[in-house]
Amino acid sequence: MTEPDRRLSVAPMMDWTDSLDRRFLRLITKRTLLYTEMVTAQALLHGNVDSLLGHEEIEAPLALQLGGGEPALLAKAVRIAADRGFAEINLNVGCPSDRVSAGRFGACLMTEPDLVADCVAAMAAASNLPVTVKHRIGVDETDSYADLVRFVGKVAEAGCRSFVVHARKAWLSGLSPKENRSVPPLRYDTVHRLKADFPHLEIVLNGGLLTLDDAIAQIGPVDGAMIGRAAYETPYILAGADARVFGEAGPGPSRQEVVEGLAELAAQVVATGTPLARLTRHALGLFHGCPGAKTWRRMLGEDARLPEWNGPDAPKLIRRAASRVPVELRALAPAA
Ligand SMILES: Cc1cc2nc3c(=O)[nH]c(=O)nc-3n(C[C@H](O)[C@H](O)[C@H](O)COP(=O)(O)O)c2cc1C
């Protein structure tokens, strides 16, 4: 079992981090660990495995996130996924949605550390892949530091060595999933304390990191940083990651290089009959904050739906949209 490098990762995000998004992100960073959207164990046992787990080699290193709360079902799901090239299997113990809570998985499992431990033990026994857990610092009234320590301690005993901690609690009733990502306050101090109390475990901090500098500042106090919304809304923040986090040579791609890669990707994607907008929706934030960004967003968001761009001319739309951004900005290397 080789462990992926978790110093920097992009969070699992339903409807956002699909295979096309991950292929786009790979134009920006090769080394950052990427996560799939959550796939439920139930779906995997009863649904179309190829479409639920589909990805390209270029997306590696890629972790699969599973949702579920029954050890036997999760073990079966792991066996189905085991030889498909994933670097890790992660269990979702952070999602507070009603649907997920009704299925007795996600964040509500934080009140049942013994069950999560059983899930992790079953998952770990089902393949050679590392099993990790993504969780909150608390849920509802189960939100003391002692509760958190009990949870992590039990789950670690079951064989989990790496924890991704979303540094805020979740309220299971009264707040929507979206509110549960912003209303409960961020408590980085709690995650730092967890690392100090469990120095032998790998602790990755998630929540509210907006820039690569924010993420790098956490590598030290904890072992790694996971960026969610900012990696989607402002993906170019990841351009310096390979150099600055992973020590690769060269500064990382300019936005123009990303545009060229995206144009090539667009040609491949439309050639398979996939609508261009399914790819370009993930790239709307590439020029965030630059002059011309609005036109880029409009062309990639709206024009990309037109039939004329859903054929061999797809790369032309991407290059034309980018040409509205001043060339000197496009050519700039990421900050060192
Ligand atoms: C659109 C969206 C979908 C999400 N889906 C998942 C998911 O499938 N699994 C999960 O563990 N977290 C999910 N999350 C939560 C993120 O992984 C992350 O924990 C959260 O956004 C906090 O990180 P951030 O402040 O960097 O965005 C989702 C977040 C968003 C915005």
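Model, not experiment: these values are computed from the prediction. (Residues numbered from 1 in each chain as written. Predicted model: local features only at pLDDT ≥ 70, side-chain atom pairs only at ≥ 80, totals over all residues.)

## Describing the confidence of the model for the protein chain
The following threshold applies: What pLDDT expresses is the predictor's confidence in each residue, scored from 0 to 100. What counts as a helix is a DSSP run of H or I of at least four residues, what counts as a strand is a run of E of at least two, and both are numbered from the N terminus.
Residues of the protein chain with pLDDT of at least 70 account for 100%, and the chain-wide mean is 97. Looking over the protein chain, one finds the lowest element-wise mean pLDDT in helix H5 (residues 98-102), namely 89, and the highest in strand S1 (residues 8-10), namely 99.

## Some thoughts on the packing of helix H14 (residues 293-301) against helix H15 (residues 314-322)
Heads up, the condition is: Under this scheme, a helix contributes an axis fitted over its contacting stretch, all axes are lines through C-alpha atoms, and angles between N-to-C directions fall in the 0 to 180 degree range. To sort the angles, those under 35 degrees are grouped as roughly parallel, those over 145 as roughly antiparallel, those from 65 to 115 as roughly perpendicular, and the leftovers as oblique. For any pair of crossing helices, the crossing counts as left-handed if the nearer helix is rotated counterclockwise from the farther one by less than a right angle, and right-handed if it is rotated clockwise. Our contact criterion uses C-beta atoms placed from the backbone: two residues qualify when those atoms are within 7 Å. In the scheme used here, Gly and all other residues not listed as nonpolar or charged are polar, with Ala, Val, Leu, Ile, Met, Phe, Trp, Tyr, Cys and Pro taken as nonpolar and Asp, Glu, Lys and Arg as charged.
The interhelical angle for the contact between H14 and H15, taken along N-to-C directions, is 165°, at an axis separation of 8 Å. One finds that H14 runs roughly antiparallel with respect to H15. Every pair of crossing elements has a handedness; the one defined by H14 and H15 is right-handed. On H15, the residues that touch Thr-295, Trp-296, Met-299 and Leu-300 of H14 are Leu-317, Ala-321 and Ala-322. When the residues that make up the contact of H14 with H15 are grouped by side-chain class, the tally is 6 nonpolar, 1 polar and no charged.

## Some details on the pairing of strand S3 (residues 62-67)
Let me state the cut-off plainly: Three classes are used. A residue is buried when 20 or more other C-beta atoms lie within 10 Å of its own, exposed when 12 or fewer do, and partly exposed in between, with C-beta atoms placed from the backbone. If DSSP finds at least two bridges between two strands, the strands pair. Here is how to tell: hold the view so the strands point away, follow the path from the first strand over the helix to the second, and if it runs clockwise the crossover is right-handed.
For S3, a buried count of 6 out of 6 residues is recorded, marking the element as mostly surrounded by other parts of the structure. Side-chain alternation along S3 places Leu-62, Leu-64 and Leu-66 on one buried face and Ala-63, Gln-65 and Gly-67 on a second face that is also buried. Note that S3 and strand S4 (residues 88-93) share 4 bridges and pair parallel. Following the sheet pairing, Leu-66 is matched in S4 by Leu-91. Following the chain from S3 across helix H4 (residues 71-81) to the adjacent parallel S4, one finds a crossover that is right-handed.

## Regarding unusual backbone geometry
In this structure, Pro-61 follows Ala-60 across a cis peptide bond, with omega equal to -5°. Note that Pro-61 resides in the loop between helix H3 (49-53) and S3. Look at Arg-104: it is not a glycine, yet its phi comes out positive at around 60°. Here Arg-104 lies in the loop between H5 and helix H6 (113-126). Look at Arg-104 and you get partly exposed, because 13 C-beta atoms sit within 10 Å. The phi angle at Asp-140 is positive, at roughly 45°, despite the residue not being glycine. Residue position: Asp-140 is located in the loop between strand S5 (131-136) and helix H7 (145-157).

## A short note on the pairing of strand S7 (residues 202-206)
Within S7, 4 of the 5 residues are buried, leaving the element largely enclosed by the surrounding structure. Alignment of strand S6 (residues 162-166) against S7, held across 5 bridges, turns out to be parallel. Paired with Val-164 across the two strands is Val-204, which belongs to S7. Between S6 and its parallel partner S7, the chain crosses via helix H8 (residues 188-197), and the hand of that crossover is right-handed.

## Concerning the domain arrangement of the protein chain
The following threshold applies: Each domain's limits were defined by an automated method or a database of domain assignments.
Split by domain assignment, the protein chain resolves into domain 1 (8-242) and domain 2 (255-331). A separation of 30 Å is found between the C-alpha centroids of domain 1 and domain 2. Between domain 1 and domain 2, the contact holds 11 residues from the first and 13 residues from the second. Per-element accounting of the side of domain 1 that touches domain 2 gives the leading share, 4 residues, to helix H1 (residues 19-25). Its residues assigned to classes, the side of domain 1 that touches domain 2 comprises 7 nonpolar, 1 polar and 3 charged.

## Remarks on the sheet that holds S7
Within a sheet, neighbouring strands are paired by backbone hydrogen bonds and run either parallel or antiparallel to one another. Strand order in the closed barrel formed by 8 strands is S1-S2-S3-S4-S5-S6-S7-S8, with parallel pairing between adjacent strands. Strand-to-strand, the axes of this sheet are offset by a mean angle of 30°, without reference to chain direction. Sheet topology places strand S2 (residues 33-40) next to S3; 5 bridges connect them, and they run parallel. Counterpart to Met-38 in the pairing with S3 is Gln-65.

## Comments concerning the environment of His-166
Within the element layout of this structure, His-166 appears in strand S6. Taking the C-beta count within 10 Å as the criterion, His-166 has 27 such neighbours and is therefore assigned buried. Sequence spacing of His-166 and Val-133 is 33 residues, and the spatial spacing of their C-alpha atoms is 11 Å. Discounting residues that sit within four places of it in the chain, His-166 has contacts with Gly-94, Lys-134, Arg-136, Asn-206 and Gly-207.

## Thoughts on the site of the ligand
Rules: In this text, near has one meaning. A residue is near a molecule or strand if its C-beta atom, placed using the backbone, is within 6 Å of it.
Neighbouring the ligand are 23 residues; Ala-11, Met-13, Met-38, Gly-228 and Arg-229 lie closest to it. When contributions to the shell around the ligand are tallied by element, the ones reaching two or more residues are S2 and helix H10 (229-233). For the shell around the ligand, a count of residues per class yields 10 nonpolar, 8 polar and 5 charged.

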